[in-house]
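Now for the letters of each chain:
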Amino acid sequence: MISKILIPKNHPRYCSLKIREKLVEGFEKGLVAREGLIAHGRGESFDYLLGEKTIEPALKSIDAASALFILAEHPVISVNGNTAAICASQICDLNRSLEKSSVEINLFYHTHVREELISTELKKYGLKKILGIDPNRSTQIPELESNRRKVDLDGIFVSDVVFVPLEDGDRTIALKKMDKKIITVDLNPLSRTALASDISIIDNIVRALPRIIKSIEYHKKNSTKKELKEIVDSFNNKDILNESLDIMRSNKMLSKI
Ligand code: PTJ
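This write-up is about the structure you can find in this document.

Looking at the overall build of the protein chain
Moving on, step 1. For the protein chain, the count of helices and strands is ten helices and eight strands.
Moving on, step 2. The C-alpha radius of gyration of the protein chain comes to 18 Å, within 12% of the 18 Å expected for a compact globule of 257 residues.
Moving on, step 3. Overall, the protein chain is about 55 × 50 × 35 Å in size when its C-alpha atoms are taken along their principal axes.
Moving on, step 4. Evaluated residue by residue, the protein chain yields a buried proportion of 49% over its 257 residues.
Moving on, step 5. With 40 positive and 36 negative side-chain charges, the protein chain shows a separation of 3 Å between the mean positions of the two kinds.

Now the structure itself:
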(Lines give C-alpha, C1' and ligand atoms only; values in the text may rest on other atoms or scores of the structure.)
Protein backbone atom coordinates (compact mmCIF):
# COMPACT_ATOMS: atom_id res chain seq x y z
CA MET A 1 0.00 0.00 0.00
CA ILE A 2 1.18 3.53 -0.73
CA SER A 3 1.58 5.89 2.20
CA LYS A 4 -0.13 9.16 1.27
CA ILE A 5 1.50 12.35 2.46
CA LEU A 6 -0.04 15.78 2.51
CA ILE A 7 1.49 17.84 -0.27
CA PRO A 8 1.30 21.53 0.68
CA LYS A 9 -0.46 23.61 -2.00
CA ASN A 10 2.40 26.12 -2.00
CA HIS A 11 4.96 23.45 -2.88
CA PRO A 12 6.65 24.70 -6.10
CA ARG A 13 6.01 21.37 -7.78
CA TYR A 14 2.54 20.76 -6.33
CA CYS A 15 0.83 19.94 -9.67
CA SER A 16 3.57 17.56 -10.74
CA LEU A 17 3.51 15.74 -7.39
CA LYS A 18 -0.29 15.42 -7.55
CA ILE A 19 -0.06 13.84 -11.03
CA ARG A 20 2.55 11.41 -9.69
CA GLU A 21 0.20 10.57 -6.83
CA LYS A 22 -2.64 9.83 -9.28
CA LEU A 23 -0.39 7.60 -11.33
CA VAL A 24 0.80 5.63 -8.31
CA GLU A 25 -2.82 5.27 -7.16
CA GLY A 26 -3.70 4.08 -10.68
CA PHE A 27 -0.92 1.53 -10.43
CA GLU A 28 -2.12 0.36 -7.00
CA LYS A 29 -5.65 -0.05 -8.38
CA GLY A 30 -4.32 -2.05 -11.36
CA LEU A 31 -5.08 0.49 -14.12
CA VAL A 32 -1.48 1.44 -14.84
CA ALA A 33 1.18 -1.01 -16.04
CA ARG A 34 4.46 -1.07 -14.05
CA GLU A 35 6.15 0.23 -17.16
CA GLY A 36 3.68 3.12 -17.15
CA LEU A 37 5.47 4.55 -14.11
CA ILE A 38 8.70 4.65 -16.10
CA ALA A 39 6.94 6.20 -19.09
CA HIS A 40 5.61 8.91 -16.79
CA GLY A 41 9.10 9.66 -15.47
CA ARG A 42 10.28 10.09 -19.02
CA GLY A 43 7.49 12.59 -19.65
CA GLU A 44 8.25 14.48 -16.42
CA SER A 45 11.84 15.10 -17.46
CA PHE A 46 10.67 16.82 -20.65
CA ASP A 47 8.06 18.77 -18.71
CA TYR A 48 10.88 20.10 -16.53
CA LEU A 49 12.55 21.46 -19.65
CA LEU A 50 9.30 23.18 -20.64
CA GLY A 51 9.11 24.85 -17.23
CA GLU A 52 5.97 22.75 -16.57
CA LYS A 53 3.80 25.12 -18.56
CA THR A 54 1.97 25.11 -21.89
CA ILE A 55 4.21 26.67 -24.51
CA GLU A 56 3.20 28.72 -27.56
CA PRO A 57 3.80 25.92 -30.12
CA ALA A 58 1.49 23.65 -28.10
CA LEU A 59 -1.24 26.28 -28.32
CA LYS A 60 -0.89 26.26 -32.13
CA SER A 61 -1.13 22.44 -32.13
CA ILE A 62 -4.18 22.58 -29.88
CA ASP A 63 -5.88 24.98 -32.28
CA ALA A 64 -5.16 22.71 -35.27
CA ALA A 65 -6.13 19.58 -33.33
CA SER A 66 -9.49 21.01 -32.32
CA ALA A 67 -10.17 22.04 -35.93
CA LEU A 68 -9.31 18.53 -37.16
CA PHE A 69 -11.43 16.92 -34.45
CA ILE A 70 -14.48 18.96 -35.51
CA LEU A 71 -13.96 18.19 -39.20
CA ALA A 72 -13.58 14.45 -38.56
CA GLU A 73 -16.40 12.09 -39.53
CA HIS A 74 -15.37 9.34 -37.15
CA PRO A 75 -12.84 10.50 -34.55
CA VAL A 76 -11.65 7.98 -31.97
CA ILE A 77 -10.02 8.73 -28.61
CA SER A 78 -7.60 5.95 -27.71
CA VAL A 79 -7.08 5.39 -23.99
CA ASN A 80 -4.26 3.53 -22.23
CA GLY A 81 -3.57 2.93 -18.55
CA ASN A 82 -1.64 6.14 -17.90
CA THR A 83 -4.25 8.32 -19.58
CA ALA A 84 -7.06 6.65 -17.65
CA ALA A 85 -5.24 7.12 -14.34
CA ILE A 86 -4.43 10.79 -14.70
CA CYS A 87 -7.26 12.23 -16.79
CA ALA A 88 -10.25 9.89 -17.16
CA SER A 89 -12.69 12.71 -16.44
CA GLN A 90 -11.21 15.05 -19.09
CA ILE A 91 -11.22 12.22 -21.66
CA CYS A 92 -14.95 11.83 -21.07
CA ASP A 93 -15.41 15.63 -21.32
CA LEU A 94 -13.54 15.63 -24.64
CA ASN A 95 -15.76 12.83 -25.94
CA ARG A 96 -18.88 14.77 -24.92
CA SER A 97 -17.70 17.94 -26.63
CA LEU A 98 -17.00 16.08 -29.88
CA GLU A 99 -20.42 14.39 -30.21
CA LYS A 100 -19.44 12.12 -33.17
CA SER A 101 -16.49 10.50 -31.36
CA SER A 102 -15.97 7.25 -29.51
CA VAL A 103 -13.55 6.12 -26.83
CA GLU A 104 -11.52 2.95 -27.35
CA ILE A 105 -9.28 1.21 -24.83
CA ASN A 106 -6.01 0.11 -26.40
CA LEU A 107 -3.27 -1.35 -24.23
CA PHE A 108 0.36 -2.12 -24.94
CA TYR A 109 0.70 -4.32 -21.83
CA HIS A 110 -2.66 -5.90 -22.49
CA THR A 111 -4.61 -7.87 -19.89
CA HIS A 112 -8.39 -8.33 -19.67
CA VAL A 113 -8.30 -7.32 -16.02
CA ARG A 114 -6.73 -3.94 -16.83
CA GLU A 115 -9.19 -3.46 -19.68
CA GLU A 116 -12.08 -4.03 -17.25
CA LEU A 117 -10.62 -1.72 -14.60
CA ILE A 118 -10.04 1.09 -17.10
CA SER A 119 -13.53 0.62 -18.47
CA THR A 120 -15.00 0.92 -14.95
CA GLU A 121 -12.91 4.06 -14.31
CA LEU A 122 -14.21 5.73 -17.49
CA LYS A 123 -17.81 4.81 -16.68
CA LYS A 124 -17.46 6.71 -13.38
CA TYR A 125 -17.36 9.89 -15.48
CA GLY A 126 -20.50 9.11 -17.44
CA LEU A 127 -19.10 7.24 -20.43
CA LYS A 128 -21.70 4.68 -21.55
CA LYS A 129 -20.16 3.06 -24.64
CA ILE A 130 -16.55 1.88 -24.57
CA LEU A 131 -14.90 0.27 -27.57
CA GLY A 132 -11.95 -2.12 -27.69
CA ILE A 133 -13.29 -4.55 -25.11
CA ASP A 134 -15.67 -6.77 -27.08
CA PRO A 135 -13.71 -9.72 -28.51
CA ASN A 136 -16.42 -10.23 -31.17
CA ARG A 137 -15.79 -6.74 -32.58
CA SER A 138 -12.02 -7.03 -32.60
CA THR A 139 -9.67 -6.98 -35.58
CA GLN A 140 -5.99 -6.28 -36.14
CA ILE A 141 -3.88 -3.46 -37.54
CA PRO A 142 -1.76 -4.96 -40.34
CA GLU A 143 2.05 -5.01 -39.92
CA LEU A 144 1.97 -4.47 -36.17
CA GLU A 145 3.37 -7.12 -33.85
CA SER A 146 2.54 -5.67 -30.42
CA ASN A 147 -0.69 -6.04 -28.44
CA ARG A 148 -1.67 -2.63 -29.69
CA ARG A 149 -2.53 -4.22 -33.06
CA LYS A 150 -5.92 -5.21 -31.60
CA VAL A 151 -8.50 -2.60 -32.61
CA ASP A 152 -12.28 -2.34 -32.60
CA LEU A 153 -14.12 -2.85 -35.90
CA ASP A 154 -16.47 0.00 -34.97
CA GLY A 155 -13.71 2.27 -33.67
CA ILE A 156 -10.09 2.79 -34.68
CA PHE A 157 -10.43 0.39 -37.63
CA VAL A 158 -12.98 2.63 -39.40
CA SER A 159 -11.85 5.96 -37.96
CA ASP A 160 -10.54 8.90 -39.95
CA VAL A 161 -8.88 10.73 -37.02
CA VAL A 162 -7.32 8.98 -34.01
CA PHE A 163 -6.21 10.70 -30.82
CA VAL A 164 -3.33 8.68 -29.36
CA PRO A 165 -1.90 10.40 -26.28
CA LEU A 166 1.13 8.92 -24.45
CA GLU A 167 1.60 6.39 -27.18
CA ASP A 168 4.38 4.18 -28.47
CA GLY A 169 5.65 4.97 -31.95
CA ASP A 170 4.94 1.68 -33.73
CA ARG A 171 1.19 2.00 -33.65
CA THR A 172 1.23 5.61 -34.80
CA ILE A 173 3.33 4.61 -37.79
CA ALA A 174 1.06 1.63 -38.53
CA LEU A 175 -2.07 3.81 -38.27
CA LYS A 176 -0.52 6.35 -40.63
CA LYS A 177 -0.05 3.52 -43.15
CA MET A 178 -3.81 2.93 -42.83
CA ASP A 179 -4.36 6.58 -43.87
CA LYS A 180 -5.57 7.77 -40.49
CA LYS A 181 -4.89 11.32 -39.32
CA ILE A 182 -3.14 11.18 -35.97
CA ILE A 183 -3.25 13.68 -33.12
CA THR A 184 -1.01 13.06 -30.12
CA VAL A 185 -0.08 14.65 -26.84
CA ASP A 186 3.49 13.82 -25.93
CA LEU A 187 5.96 15.76 -23.81
CA ASN A 188 8.86 14.38 -25.85
CA PRO A 189 9.18 16.20 -29.19
CA LEU A 190 11.66 13.56 -30.35
CA SER A 191 9.50 10.51 -29.64
CA ARG A 192 8.62 8.46 -32.71
CA THR A 193 4.95 9.20 -32.01
CA ALA A 194 5.55 12.95 -31.99
CA LEU A 195 7.60 12.67 -35.18
CA ALA A 196 5.09 10.47 -37.02
CA SER A 197 1.85 12.21 -36.00
CA ASP A 198 0.04 14.80 -38.10
CA ILE A 199 -0.48 17.04 -35.09
CA SER A 200 1.74 16.71 -32.00
CA ILE A 201 0.84 18.66 -28.91
CA ILE A 202 4.05 18.97 -26.89
CA ASP A 203 2.52 19.41 -23.48
CA ASN A 204 1.47 17.51 -20.39
CA ILE A 205 -1.83 15.78 -21.13
CA VAL A 206 -3.23 17.15 -17.88
CA ARG A 207 -2.75 20.73 -19.09
CA ALA A 208 -3.53 20.05 -22.75
CA LEU A 209 -6.94 18.36 -22.46
CA PRO A 210 -8.87 21.25 -20.86
CA ARG A 211 -7.40 23.60 -23.50
CA ILE A 212 -8.37 21.24 -26.34
CA ILE A 213 -11.95 21.10 -25.05
CA LYS A 214 -12.10 24.91 -24.72
CA SER A 215 -10.74 25.32 -28.24
CA ILE A 216 -13.31 22.85 -29.65
CA GLU A 217 -16.13 24.74 -27.93
CA TYR A 218 -14.78 28.02 -29.34
CA HIS A 219 -14.48 26.75 -32.92
CA LYS A 220 -17.88 25.04 -32.82
CA LYS A 221 -19.47 28.43 -32.12
CA ASN A 222 -17.23 30.73 -34.17
CA SER A 223 -15.59 28.99 -37.14
CA THR A 224 -16.88 27.83 -40.50
CA LYS A 225 -15.86 24.52 -42.07
CA LYS A 226 -13.72 26.47 -44.57
CA GLU A 227 -11.90 28.29 -41.75
CA LEU A 228 -11.30 25.02 -39.90
CA LYS A 229 -9.86 23.48 -43.07
CA GLU A 230 -7.54 26.45 -43.49
CA ILE A 231 -6.26 26.02 -39.92
CA VAL A 232 -5.52 22.34 -40.54
CA ASP A 233 -3.96 22.90 -43.98
CA SER A 234 -1.62 25.64 -42.78
CA PHE A 235 -0.38 23.59 -39.82
CA ASN A 236 3.18 22.28 -40.04
CA ASN A 237 4.05 19.67 -37.43
CA LYS A 238 7.81 19.76 -38.14
CA ASP A 239 7.90 23.49 -37.36
CA ILE A 240 6.09 22.84 -34.07
CA LEU A 241 8.59 20.16 -33.05
CA ASN A 242 11.53 22.43 -33.91
CA GLU A 243 10.02 25.36 -32.01
CA SER A 244 9.39 23.13 -28.98
CA LEU A 245 12.98 21.88 -29.02
CA ASP A 246 14.26 25.45 -29.25
CA ILE A 247 12.24 26.37 -26.16
CA MET A 248 13.65 23.38 -24.27
CA ARG A 249 17.20 24.30 -25.29
CA SER A 250 16.81 27.88 -24.13
CA ASN A 251 15.36 26.92 -20.74
CA LYS A 252 16.06 29.87 -18.43
CA MET A 253 16.27 27.93 -15.14
CA LEU A 254 20.06 28.15 -14.91
CA SER A 255 20.06 31.90 -15.23
CA LYS A 256 17.90 32.11 -12.08
CA ILE A 257 20.57 30.50 -9.86
O1 PTJ B 1 -1.30 1.23 -20.54
P2 PTJ B 1 -0.48 0.56 -21.60
O3 PTJ B 1 -0.32 -0.91 -21.33
O4 PTJ B 1 -1.00 0.79 -22.97
O5 PTJ B 1 1.01 1.19 -21.57
C6 PTJ B 1 1.14 2.60 -21.65
C7 PTJ B 1 2.61 3.05 -21.70
C8 PTJ B 1 2.61 4.58 -21.50
C9 PTJ B 1 3.38 2.36 -20.60
C10 PTJ B 1 3.20 2.68 -23.07
O11 PTJ B 1 2.43 3.26 -24.09
C12 PTJ B 1 4.62 3.11 -23.21
O13 PTJ B 1 5.56 2.43 -22.85
O14 PTJ B 1 4.76 4.35 -23.71
P15 PTJ B 1 6.19 5.01 -24.06
O16 PTJ B 1 6.75 4.40 -25.29
O17 PTJ B 1 7.05 5.14 -22.86
O18 PTJ B 1 5.70 6.47 -24.46
C19 PTJ B 1 5.03 7.30 -23.58
C20 PTJ B 1 5.28 8.74 -24.05
O21 PTJ B 1 4.41 9.56 -23.31
C22 PTJ B 1 6.72 9.22 -23.78
O23 PTJ B 1 7.22 9.86 -24.94
C24 PTJ B 1 6.57 10.25 -22.64
O25 PTJ B 1 7.45 11.33 -22.80
C26 PTJ B 1 5.13 10.71 -22.82
N27 PTJ B 1 4.46 11.09 -21.57
C28 PTJ B 1 4.49 10.49 -20.36
N29 PTJ B 1 3.71 11.12 -19.47
C30 PTJ B 1 3.13 12.16 -20.14
C31 PTJ B 1 3.60 12.15 -21.49
N32 PTJ B 1 3.21 13.04 -22.40
C33 PTJ B 1 2.30 13.97 -22.00
N34 PTJ B 1 1.80 14.03 -20.74
C35 PTJ B 1 2.19 13.16 -19.78
N36 PTJ B 1 1.69 13.24 -18.55
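A closer look at the site of the ligand
Moving on, step 1. Taken together, the neighbourhood of the ligand is formed by 25 residues, with Arg42, Phe108, Tyr109, Arg114 and Arg148 sitting nearest.
Moving on, step 2. Contact between the ligand and Tyr109: an oxygen atom at 2.8 Å from a main-chain N or O atom of the residue.
Moving on, step 3. Between the ligand and the protein, one listed contact pairs an oxygen atom with a side-chain N or O atom of Arg114 at 2.7 Å.
Moving on, step 4. Listing elements by their share of the shell around the ligand, those giving two or more residues are helix 2 (34-49) and helix 4 (81-98).

Some points on the side chain of Asn188
Moving on, step 1. Among the secondary structure elements, Asn188 is positioned in the loop between strand 7 (181-185) and helix 7 (192-196).
Moving on, step 2. One polar contact links the side chain of Asn188 to the main-chain amide nitrogen of Leu190, over a distance of 2.8 Å.
Moving on, step 3. Ignoring any residue separated from it by four or fewer positions in sequence, one finds Asn188 in contact with Phe46, Ala194 and Ile202.

Brief notes about the environment of Ile182
Moving on, step 1. Mapped onto the elements of the fold, Ile182 is located in strand 7.
Moving on, step 2. Relative accessible area serves as the criterion here: at 0%, Ile182 is assigned to the buried category.
Moving on, step 3. Between the alpha carbons of Ile182 and Ala196 there is a distance of 8.3 Å; along the sequence they are 14 residues apart.
Moving on, step 4. Setting aside residues no more than four positions away along its own chain, Ile182 makes contact with Val162, Val164, Thr172, Leu175, Lys176, Ser197, Asp198 and Ile199.

Quick notes on the pairing of strand 1 (residues 75-79)
Moving on, step 1. Of all five residues in strand 1, five are buried; the element is thus mostly enclosed.
Moving on, step 2. The side-chain alternation of strand 1 yields two buried faces, one formed by Pro75, Ile77 and Val79 and the other by Val76 and Ser78.
Moving on, step 3. The pairing of strand 1 with strand 6 (residues 161-163) spans three bridges and is parallel. When the bridges of strand 6 are listed, Val76 appears paired with Val162.
Moving on, step 4. Summarising the sheet, strand 1 and strand 2 (residues 102-105) pair through four bridges and their orientation is parallel. Its bridge partner being in strand 2, Ser78 is matched across the sheet by Glu104.
Moving on, step 5. Each parallel crossover has a hand, and the one from strand 1 via helix 4 to strand 2 is right-handed.

Things to note about unusual backbone geometry
Moving on, step 1. Not every positive phi belongs to a glycine, and Glu52 is a case in point at roughly 50°.
Moving on, step 2. With respect to the element layout, Glu52 can be found in the loop between helix 2 and helix 3 (56-71).
Moving on, step 3. The residue Leu166 is not glycine, and still its phi comes out positive at about 50°.
Moving on, step 4. Looking at the secondary structure, you find Leu166 in the loop between strand 6 and helix 6 (169-177).
Moving on, step 5. Assessed through its relative accessible area of 28%, Leu166 is described here as partly exposed.

With respect to the packing of helix 3 against helix 9 (residues 225-233)
Moving on, step 1. Following both chains from N to C, one finds helix 3 and helix 9 inclined at 130°, their axes separated by 8 Å at the closest point. The pairing of helix 3 with helix 9 is recorded here as oblique in orientation. Between helix 3 and helix 9 the crossing geometry is left-handed. In this structure, helix 3 uses Asp63, Ala64, Ala67, Leu68, Ile70 and Leu71 to contact helix 9, whose residues at the interface are Lys225, Leu228, Lys229, Ile231 and Val232.
Moving on, step 2. The class makeup of the residues in the contact of helix 3 with helix 9 is eight nonpolar, no polar and three charged.

Basis of the calculations
- Residues numbered from 1 in each chain as written.
- Predicted model: local features only at pLDDT ≥ 70, side-chain atom pairs only at ≥ 80, totals over all residues.
- Heavy atoms only, no water.
- Helix = DSSP H or I, 4+ residues; strand = E, 2+ residues; numbered from the N terminus.
- Rg over C-alpha atoms; globule rule 2.2 N^0.38 Å.
- Buried < 20%, exposed > 50% of the residue type's maximum accessible area, 1.4 Å probe, protein only.
- Lys, Arg positive; Asp, Glu negative; His and termini not counted.
- Charge placed at Lys NZ, Arg CZ, Asp CG, Glu CD.
- Near = heavy atom within 4 Å.
- Polar contact = N/O pair within 3.5 Å; in protein donor to acceptor, adjacent residues only side chain to side chain.
- Contact = heavy atoms within 4.5 Å.
- Pairing = 2+ DSSP bridges.
- Right-handed = clockwise from strand over helix to strand, strands pointing away.
- Axes fitted to C-alpha atoms, helices over the stretch in contact; angles between N-to-C directions.
- Parallel < 35°, antiparallel > 145°, perpendicular 65-115°, else oblique.
- Left-handed = near helix turned anticlockwise from the far one by under 90°.
- Nonpolar A, V, L, I, M, F, W, Y, C, P; charged D, E, K, R; others polar.

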